[in-house]
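The lines below spell out each chain.
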Amino acid sequence: MASYDDVMSLSVRRGFLWPAADLYGGFAGFYDYGHNGALLRRRWEDLWIETFLGLDENYYLIDSTTILPEAPLKASGHVDHFSDVLVTCTKCGESYRGDHLLESVTHEEHEGLSPEDIDAKVRELRIRCPRCKGELGPSRPFNMMFPLGVGPTGKDRAYLRPETAQGVYLNFKREFEALRRRLPLGLAIVGRAYRNEISPRQGTYRMREFLQAELQIFMDPETFADRVDFASVADVAVRVCWAAEKSKPEAHDLPAKALVERGLPSWYVYHLVQVQRFYLDRLQLPRERFRFAELDERERAFYNRVHFDIQVDQESLGGFKEVGGVHYRTDHDLSGHASMSRENLAVTVDGRKIVPHVLELSFGVDRNVWALLDLDFVKADRSVLRLPPRLAPVAVGVFPLVNKDGLPEKAESVHRELRARFAAFRDESGSIGKRYARMDEIGTPFCVTIDHPTLEGEGVTLRERDTQKQVRVREADVAATLDRLLRGEIRFDTIA
Ligand code: GAP
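Residues numbered from 1 in each chain as written. Predicted model: local features only at pLDDT ≥ 70, side-chain atom pairs only at ≥ 80, totals over all residues. Heavy atoms only, no water.

Concerning the packing of helix α5 (residues 98–106) against helix α6 (residues 115–124)
Just so we agree on the cut-off: Only C-alpha atoms enter the line fits that serve as axes; for helices the fit covers just the stretch in contact. Angles between N-to-C directions range over 0 to 180 degrees. A run of H or I in DSSP counts as a helix once it spans at least four residues, and a run of E counts as a strand once it spans at least two, with each numbered from the N terminus. When describing relative orientation, an angle under 35 degrees is termed roughly parallel and one over 145 degrees roughly antiparallel, while 65 to 115 degrees is termed roughly perpendicular and anything else oblique. If you view the pair so one helix is near and one far, a crossing is left-handed when the near helix is turned anticlockwise from the far one by less than a right angle, and right-handed when it is turned clockwise. What makes two residues a contact is simply this: any of their non-hydrogen atoms within 4.5 Å. Under this grouping Gly is polar, as are all residues other than the nonpolar Ala, Val, Leu, Ile, Met, Phe, Trp, Tyr, Cys and Pro and the charged Asp, Glu, Lys and Arg.
Closest axis-to-axis distance for the α5/α6 pair is 10 Å, and the angle between their directions is 30 degrees. Regarding the angle of α5 to α6, the classification is roughly parallel. α6 is crossed by α5, and the crossing has left-handed handedness. Facing α5, whose interface residues are Gly98, Asp99, Leu101 and Leu102, α6 presents Ile118, Lys121 and Val122. Residue composition of the contact of α5 with α6, by class: four nonpolar, one polar and two charged.

What follows is the structure, given as structure tokens:
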């Protein structure tokens, strides 16, 4: 776990991420990724794609434009309902997001309140402008989409997409036809989304341009349960917090079947288990740092019937924070697009004509990258980023022990060979200790050191990041050994 300053300072120092346009003082809500951050993010995305598209043979990755015309966003409800409550100071003009303003005073969450509710609370708690102590004006809804005028006259109104999901819904019919008319059909987009957040803050937690990885599963709610193997997960303990216990959230470890007994569809719970496995097994998060949090009717997004947030406990952000969500969106989107476009989006499967329902697995990529930087960073006698090896930007560091006696040349040739198979980085600058320290801080799981015995045919030194243990490996075996270590086929302590 790491403080906010630790995550930011590591990120800037080691090329992960930093505020965009910082040459000009930064640009609130926008972040750039450096050479290690771009790789970490890409590896997270690859693992996400492998995990979630691997859930069914009929799940695919697609792509769509990030600018959408107004009509589909009117149909989806975003033009009319995608708003936060804005409170503006009558004296200095500073703007605040209503629920955040209340949160800063009460230290409780206030999601889902109307402008009238917020005004009533502001009066009750006698809240003044945090900046100038001026009187706060009446609240109003503020639509979070970025509007655009397309074309030379700008009269064709459009928006930057507020979620990747709509791009999928607009392409559903074509993909359904091309993929031989089968349900469930999963279509995912990993791409940018844009929201004009009132108060961007907390690093990559609330950005104005960010990345989402979203899988839309089109299904028939009557038969979807038969398509998932719920029996295989029925006894898996799922960590959930109930909406009714919001004031004192506590994660319960309940068997998946107990969630079904409480009324959740078995196919929904099956996917909660798959998401939890992604976090606990693949991203290797400690169990107690992970939970699902149920949202009640007032809190959940306007398009959802069932909504659990995926939350990860992060010291840098002050506790459990949302990194994704599991959303049962019903036929809200396809029916909306059908009536606005006058296209029939109903399909016939197994002799039944239905508008498919959607289960959406939605993740914020930047929030997940930040969560890894927080949870995996250990700052004690040395600084180490304990990333799962698969996610590390650099898989193996290669060093000559000293910069003489032919060792740099040998290191160069070993590096050349390893680089053809792994993300390998050669470093000759500074002491060997400093080189290990640099690799530890960016999460490199293994380092190979070339020393004098290497030149005598006595192999290289292989060092493991977490234990700092070293073993000697024959030069001819080093690539194969690394391959098996990185795949998790062998453990380091079994090599010697
Ligand atoms: N398609 C559903 C959807 O967009 P959402 O809860 O609004 O649902 C999904 O967003 C995820 O996108 C969130 O769980 C979060 O991880 C990420 N996200 C949303 N707004 C964000 C922002 N302003 N900055 C960074 N990530 C954001």
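Brief notes about the domain arrangement of the protein chain
Stated formally: Per the annotation, domain bounds derive from an automatic or database assignment of domains. Buried area counts how much accessible surface, traced with a 1.4 Å probe, disappears from two parts once they are put together, with both parts' losses summed. Salt-bridge detection follows one rule: a side-chain nitrogen of Lys or Arg within 4 Å of a carboxyl oxygen of Asp or Glu.
As far as domains go, the protein chain holds domain 1 (4–66 + 165–378), domain 2 (83–143) and domain 3 (394–494). The C-alpha centroid of domain 2 is placed 29 Å from the C-alpha centroid of domain 1. In this complex, domain 1 contributes nine residues to the contact, which on the side of domain 2 involves 13 residues. Between domain 1 and domain 2, a total of about 920 Å² is buried, with carbon and sulfur atoms accounting for 49% of that surface. The three residues of domain 1 that bury the most area against domain 2 are Ile198, Arg201 and Arg298, which together make up 54% of that side's buried surface. The interface formed by domain 1 and domain 2 includes one salt bridge.

Some points on the pattern of salt bridges
To keep it simple, the criterion reads: Categorising residues by exposure relies on relative accessible area from a 1.4 Å probe, with only protein chains included: less than 20% of the type maximum marks a residue as buried, more than 50% marks it as exposed, and the intermediate range marks it as partly exposed.
All told, the structure shown has 38 salt bridges when counted by the stated rule. Note that Arg192 is salt-bridged to Glu209, the shortest N-O span being 2.9 Å. Highlighted residues: Arg192 in strand β10 (residues 185–194) and Glu209 in strand β11 (residues 209–219), separated in sequence by 17 residues. For Glu209, a relative accessible area of 22% corresponds to the partly exposed category. What you see here is one network of salt bridges that share partners, running through Asp84, Arg97, Asp99, Glu197 and Arg206.

Some words on the pairing of strand β8 (residues 147–150)
Quick reminder of the rule: Strand pairing is assigned whenever DSSP detects at least two bridges linking the two strands.
In the sheet, β8 pairs with strand β9 (residues 156–160) via four bridges, with the strands oriented antiparallel. Within β9, the residue paired with Pro147 across the bridge is Tyr159. Between the antiparallel neighbours β8 and β9 lie five residues, among them Gly151 with a positive phi of about 90 degrees.

What to know about the layout of surface pockets
The criterion, for reference: Note on definitions: the grid is 1 Å and covers protein atoms alone; a cavity is a set of points where a 1.4 Å probe fits but cannot get out; a pocket is an open set with protein on both sides within 12 Å along at least five of seven lines; lining residues have an atom within 4 Å of a point. Grid points are joined across faces, edges and corners, and a volume is the space filled by probe spheres set on the points.
Looking at the second largest pocket, its volume works out to about 500 Å³. Lining the second largest pocket are 22 residues, and of these Gln284, Pro388, Pro389, Leu485 and Gly488 lie nearest its centre. For the lining of the second largest pocket, the class distribution of residues is 10 nonpolar, two polar and 10 charged. Taken domain by domain, the makeup of the lining of the second largest pocket includes at least three residues from each of domain 1 (4–66 + 165–378) and domain 3 (394–494).

A closer look at the site of the ligand
Put simply, the rule is: Whether a residue is near a molecule or strand is decided by its heavy atoms; if any one of them lies within 4 Å of it, the residue is near. In the analysis that follows, any N or O atom pair within 3.5 Å is treated as a polar contact, provided that within protein one partner can donate a hydrogen and the other can accept it, and provided that, for residues neighboring in sequence, both atoms belong to side chains. All accessible areas in this document rest on Shrake-Rupley with a 1.4 Å probe, and a residue is counted as covered only by the protein chains that are shown.
The environment of the ligand is formed by 21 residues, the closest being Glu163, Arg195, Glu214, Glu322 and Glu360. Glu360 places a polar side-chain atom, nitrogen or oxygen, 2.6 Å from a nitrogen atom of the ligand. In the complex, the protein chains occlude 95% of the 550 Å² of accessible area that the ligand would expose alone. When residues of the shell around the ligand are traced back to their parent elements, those giving at least two are β11, β16 (319–330) and β19 (357–364). Broken down by element, the residue count for the shell around the ligand peaks at five residues, all from β16. Among the residues making up the shell around the ligand, the classes are represented as six nonpolar, six polar and nine charged.

Comments concerning the packing of aromatic side chains
Condition: Stacked, edge-to-face and tilted labels apply to pairs of Phe, Tyr and Trp rings (six-membered ring for Trp) whose centres lie within 6.5 Å, assigned for plane angles under 30 degrees, over 60, and everything in between, in that order.
Scanning the model with the defined rule gives 24 aromatic pairs in all. Note on Tyr169 and Phe218: the rings are 6.1 Å apart at their centroids and 85 degrees apart in plane angle, and the pair reads as edge-to-face. With Tyr169 in helix α7 (residues 165–178) and Phe218 in strand β11, this pair connects stretches of sequence that are 49 residues apart. Tyr169 sits in the buried class, given a relative accessible area of 2%. A relative accessible area of 0% means that Phe218 is categorised as buried. Each ring, one from Phe290 and one from Phe292, has its centre 5.1 Å from the other, and the planes form 85 degrees; the classification is edge-to-face.

A few points about the pairing of strand β24 (residues 446–450)
Counting buried positions over the five residues of β24 gives five, a clear majority of the element. Of the two faces of β24, the one carrying Phe446, Val448 and Ile450 and the one carrying Cys447 and Thr449 are both buried. Pairing between strand β22 (residues 396–400) and β24: five bridges, direction parallel. The residue of β24 that forms the bridge with Val396 is Phe446. Where β24 and strand β25 (residues 460–464) come together, four bridges link them in antiparallel fashion. Within β25, the position partnered with Thr449 by the bridge is Thr461.

Focus: the side chain of Ser199
When you line up the elements, Ser199 lands in the loop between β10 and β11. Reaching out from Ser199, the side chain makes a polar contact with the side chain of His100 at a distance of 3.2 Å. When neighbours within four sequence positions are excluded, Ser199 is seen to be in contact with Arg97, His100 and Arg206.

Some thoughts on the sheet that holds strand β5 (residues 83–88)
Taken in spatial order, the three strands of this open sheet run β6-β5-β7, and their pairing is antiparallel. Edge strands, defined here as strands with exactly one partner in the open sheet, are β6 (95–97) and β7 (140–143). If you compare each strand with its neighbour and ignore which way they point, the axes differ by 50 degrees on average. As judged from the four bridges shared by β5 and β7, these two strands associate in the antiparallel manner. Note that in β7 the partner of Val85 across the bridge is Pro141. Helix-sheet contacts for α5 involve β5 and β6, and the interaxial angle to β6 is about 80 degrees.

Topic: the nonpolar core
Put simply, the rule is: Grouping buried Ala, Val, Leu, Ile, Met, Phe, Trp, Tyr and Cys residues that are joined through side-chain atoms within 4.5 Å yields what is termed a nonpolar core.
Among the nonpolar cores identified, the biggest contains 78 residues, and Tyr268, Tyr279, Phe292 and Phe363 are the most heavily contacted of them. Counting residues per element, this core draws most heavily on helix α10 (residues 266–282), at 10 residues. Looking at which domains feed residues into this core, each of domain 1 (4–66 + 165–378) and domain 3 (394–494) supplies at least three.

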